[in-house]
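Fold and contact review
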Amino acid sequence: MSSACAGKQGSHGARPELAGRMAGFAELGLSSWLVEQCRQLGLKQPTPVQLGCIPAILEGRDCLGCAKTGSGKTAAFVLPILQKLSEDPYGIFCLVLTPTRELAYQIAEQFRVLGKPLGLKDCIIVGGMDMVAQALELSRKPHVVIATPGRLADHLRSSNTFSIKKIRFLVMDEADRLLEQGCTDFTVDLEAILAAVPTRRQTLLFSATLTDTLKELQGLATNQPFFWEAQAPVRTVEQLDQRYLLVPEKVKDAYLVHLIQNFQDEHEDWSIIIFTNTCKTCQILCMMLRKFNFPTVALHSMMKQKERFAALAKFKSSIYRILIATDVASRGLDIPTVQVVINHNTPGLPKIYIHRVGRTARAGRQGQAITLVTQYDIHLVHAIEEQIKKQLEELSVEEAKVLQILTQVNVVRRECEIKLEAANFDEKKEINKRKQLILEGKDPDLEAKRKAELAKIKQKNRRFKEKVEQALQRQKASPERHMVMCLAWDSSPERTVGGPLHSPGPAQSLSVGPKTPMLCTAQLFHPAAPSWPLLRASAKHQATEKERTLTTSLGPTPYTVTLVTSVGRAGGCYRAPEQRHVACQESLNKWVSQLPWSDSVAVGAREEGSATGASQAPQDIMSPPPTTHSSFPSGQAQSFEL
Ligand SMILES: Nc1ncnc2c1ncn2[C@@H]1O[C@H](COP(=O)(O)OP(=O)(O)OP(=O)(O)O)[C@@H](O)[C@H]1O
């Protein structure tokens with residue numbers, strides 16, 4: 001993004017005249033009724049992100065807002081949207097996408113309270129709720145639709161009773177999460193949604209961690225985008241006291257109980273969120289803490305949606321003081337009473353840490369975050385510190401007190417585990433997963449197969465990488481005994497080899513690829529030799545006999561042979577449909593894996609270069625690069641006596 005469209009904290013972005021003094025909501029261009037709404041809700045002065053983004057949005061620009069957790073990003077987009085809606089009201093005017101269901105309800109609440117004088121009609125479209133009722137609500141043309149991508153995409157696919165073709169605003173809250181491929185991958189659903197919204201629209205993207213996915217986001221917001229980023233030395237809020245506690249894995253829970261007990265003893269009014277890494281741990285810890293009489297509720301994706309809402313409501317109203325949750329609660333939730341966040345596991349990604357700890361110390365309040373760190377997680381803490389640009393401080397606890405409760409905690413935890421196992425938690429999880437997939441219109445068995453295939457491919461790729469590594473090592477050790485064989489293919493003989501092929505020598509031809517008339521060329525390199533290639537072989541497909549000829553005539557060799565395959569982007573093959581391209585790859589790799597040579601390595605398709613890229617292929621993985629033959633000139637093919 002160019003600096004021309006970038007705003008920085010204090011610069012007041014689109015309205016430079018506001019710089020240097022505290023502007024009120026009215027000075028941002030908001031109507032008096034909205035300013036009055038803000039006043040009634042206790043929002044006296046705009047926060048920096050509101051100061052920066054509201055004028056730009058009112059001007060009609062796209063906006064990317066990156067500001068710390070709890071800094072008022074929601075009102076930064078809700079207020080200008082309401083203003084524009086009041087000027088030209090129609091439904092569906094605005095679509096807000098958000099990654100979690102609870103967050104959708106929270107955003108809807110903000111629209112409702114701030115837009116009350118308008119008689120705003122909103123509609124929440126999230127999974128786990130009745131689809132028919134949602135379809136009915138959508139058909140009544142609400143002004144604002146707040147949705148999780150999966151469920152909205154389901155409606156788009158299954159119904160024609162509503163349209164989002166005329167929306168003026170598309171908002172993506174927690175935009176980076178929506179775009180990343182985490183445990184819930186929104187990509188396909190987002191594609192369906194983006195295809196259904198108009199290209200002429202205002203796009204507003206907000207998150208506390210936008211910068212990682214900035215490139216992708218820029219593609220979505222192209223209308224004079226205004227970029228707001230809070231310029232601060234530390235990425236977490238100043239009022240947050242951040243601690244870590246180094247604990248052995250096995251005594252983690254005793255420390256957790258001790259921390260909670262301490263906090264309860266020292267505070268009258270207290271509220272804690274504990275984050276865990278799995279639904280199962282979340283459930284077990286909830287049961288365990290209840291056994292110790294701590295008022296605890298759980299929130300995770302294995303709970304029914306109604307239970308999730310009920311748990312959150314109980315926690316928000318302070319009936320229950322502890323919310324134990326998975327990362328489903330890590331983003332966006334605004335619960336002002338939360339004083340402490342405890343990370344039962346160290347988050348694997350710094351951005352997850354930033355969002356989790358951001359559930360406390362919101363809107364200028366104080367808060368504390370304590371991360372339990374085992375000996376295996378120290379590198380994760382370093383990564384977090386590097387990202388947030390602040391060092392966590394060690395928390396000191398009275399270890400003797402922890403030791404006193406250690407056995408009791410471990411026994412209780414074990415009891416809870418047994419109880420949960422008896423309730424078939426894992427089995428239920430599997431059933432829930434299947435149900436969810438069916439609800440999403442997917443076939444669970446097919447999905448499982450797809451997953452297994454993906455895992456297989458990943459494993460294959462891993463093995464392949466290792467093989468290449470080993471080949472490289474061997475080549476380094478004895479370059480004069482190592483060869484690289486490079487394969488390329490193209491549908492056009494002229495481009496590939498400059499004429500019909502006649503490779504003398506031991507290898508007459510070689511054929512790979514699917515059952516299509518396709519030309520295949522093979523070259524044999526010797527990195528130590530001054531002139532390349534040593535051998536070239538080529539043939540049309542279906543010459544299975546000749547394939548064998550090549551195989552047998554080349555082996556056994558006194559050399560180690562590394563085979564590199566390449567499909568040129570500019571080559572005819574690449575212009576062929578993607579599937580064919582992939583089929584070529586697979587077929588070639590299969591063939592290579594069957595070669596009797598001592599060390600045959602098939603490399604996946606190379607992106608750059610045409611068929612001539614084949615001769616460049618070894619450059620990346622072998623040295624010295626074969627500079628003398630950047631193409632396959634006709635008539636220069638040489639046989640090589642092995
Ligand atoms: N101008 C303001 N003055 C005072 N409080 C405000 C103002 N704007 C918003 N708030 C309050 O600040 C709190 C946090 O706001 P909000 O939930 O929008 O934060 P956020 O930046 O979206 O955080 P997160 O990144 O965690 O989602 C809310 O309780 C909100 O009511």
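Residues numbered from 1 in each chain as written. Predicted model: local features only at pLDDT ≥ 70, side-chain atom pairs only at ≥ 80, totals over all residues. Heavy atoms only, no water.

Topic: the nonpolar core
Judged by nonpolar contacts, the single largest core of 53 residues is most densely connected at Ile 260, Ile 274, Met 288 and Leu 289. Leave out the neighbours within four places in its chain, and Ile 260 touches Trp 270, Ile 272, Ile 274, Leu 289, Phe 294 and Ile 322. Residues Val 49, Cys 63, Ala 76 and Leu 103 belong to the second largest nonpolar core, which totals 43 residues. (Core = buried A, V, L, I, M, F, W, Y, C linked by side-chain atoms within 4.5 Å. Buried < 20%, exposed > 50% of the residue type's maximum accessible area, 1.4 Å probe, protein only. Contact = heavy atoms within 4.5 Å.)

Side note on the packing of aromatic side chains
For any pair of aromatic rings, geometry is given as the distance between the ring centres together with the angle between the planes. Enumeration over the complete set of coordinates arrives at four aromatic pairs. Pairing Phe 77 with Phe 206 gives two aromatic rings, centres 5.4 Å apart and planes at 40°, and the pair type is tilted. Of the two residues, Phe 77 is situated in helix 3 (residues 73-87) and Phe 206 in strand 7 (residues 202-207); the sequence distance between them amounts to 129 residues. Side by side, Phe 77 and Phe 206 carry an identical accessibility label, which is buried. Centre to centre, the rings of Tyr 90 and Phe 93 are 5.3 Å apart; their planes meet at 75°, and the pair counts as edge-to-face. Within the aromatic cluster, the residues linked to one another by ring pairs are Tyr 90, Phe 93 and Phe 169. (Phe/Tyr/Trp six-rings, centres within 6.5 Å; stacked < 30°, edge-to-face > 60°. Helix = DSSP H or I, 4+ residues; strand = E, 2+ residues; numbered from the N terminus.)

Observations regarding the packing of helix 3 against helix 4 (residues 101-114)
For the pair helix 3 and helix 4, the least separation of the axes is 10 Å and the interaxial angle reads 45°. Here helix 3 is positioned oblique relative to helix 4, judged by the angle of their axes. Our pair here, helix 3 against helix 4, has a crossing hand that is right-handed. When helix 3 is examined against helix 4, the residues Thr 74, Phe 77, Val 78, Leu 79, Ile 81 and Leu 82 are found in contact with a partner set consisting of Ile 107, Gln 110, Phe 111 and Leu 114. (Axes fitted to C-alpha atoms, helices over the stretch in contact; angles between N-to-C directions. Parallel < 35°, antiparallel > 145°, perpendicular 65-115°, else oblique. Left-handed = near helix turned anticlockwise from the far one by under 90°.)

Comments concerning the pattern of salt bridges
All chains considered together, the criterion is met by 21 salt bridges. Linking Lys 68 and Glu 238 is a salt bridge whose minimum nitrogen-to-oxygen distance equals 2.7 Å. With Lys 68 in the loop between strand 2 (63-66) and helix 3 and Glu 238 in the loop between strand 8 (226-229) and strand 9 (240-246), this residue pair connects regions lying 170 residues apart in the sequence. Through salt bridges with shared partners, one network takes in Glu 174, Asp 176, Arg 177, Glu 180, Arg 331 and Lys 351. (Salt bridge = Lys/Arg side-chain N within 4 Å of Asp/Glu carboxyl O.)

Description of the UniProt feature "domain: DEAD-box RNA helicase Q" (unreviewed entry) in the chain
In the numbering used here, UniProt assigns the "domain: DEAD-box RNA helicase Q" (unreviewed entry) feature to residues 23-51. This span, residues 23-51, is 45% helix and 0% strand, and a straight line between its end C-alpha atoms measures 8 Å. (UniProt positions renumbered as here; feature names shortened; annotations may be inferred.)

Examining the sheet that holds strand 12 (residues 322-325)
The strand order across the open sheet built from seven strands is 11-12-10-13-14-9-15, with neighbouring strands paired in parallel fashion. Two strands bound the open sheet, and with one partner strand each, they are strand 11 (296-299) and strand 15 (393-394). Note: strand 10 (residues 272-275) against strand 12, four bridges, orientation parallel. What sits directly across from Ile 274, in strand 12, is Ile 324. (Pairing = 2+ DSSP bridges.)

Structural notes on a nonpolar patch on the surface
Where nonpolar side chains cluster on the molecular surface, the patch consists of Leu 41, Leu 43 and Val 113 and spans about 200 Å² of accessible area. Take Leu 43: it is sitting in the loop between helix 1 (32-40) and helix 2 (48-58). Owing to a relative accessible area of 30%, Leu 43 belongs among the partly exposed residues under this scheme. (Patch = residues over 30% accessible without salt bridge, like charges linked within 9 Å, V, L, I, M, F, W, Y side chains within 5 Å. Areas by Shrake-Rupley, 256 points an atom, 1.4 Å probe, with all protein chains shown as cover.)

Concerning the site of the ligand
Neighbouring the ligand are 19 residues; Gln 45, Lys 73, Thr 74, Asp 334 and Arg 362 lie closest to it. A distance of 2.8 Å is found between a nitrogen atom of the ligand and a side-chain nitrogen or oxygen belonging to Gln 50. Note that an oxygen atom of the ligand is positioned 2.8 Å from one of the backbone N or O atoms of Gly 70. Burial of the ligand by the protein chains amounts to 87% of its free accessible area of 640 Å². Its residues assigned to classes, the shell around the ligand comprises four nonpolar, nine polar and six charged. (Near = heavy atom within 4 Å. Polar contact = N/O pair within 3.5 Å; in protein donor to acceptor, adjacent residues only side chain to side chain. Nonpolar A, V, L, I, M, F, W, Y, C, P; charged D, E, K, R; others polar.)

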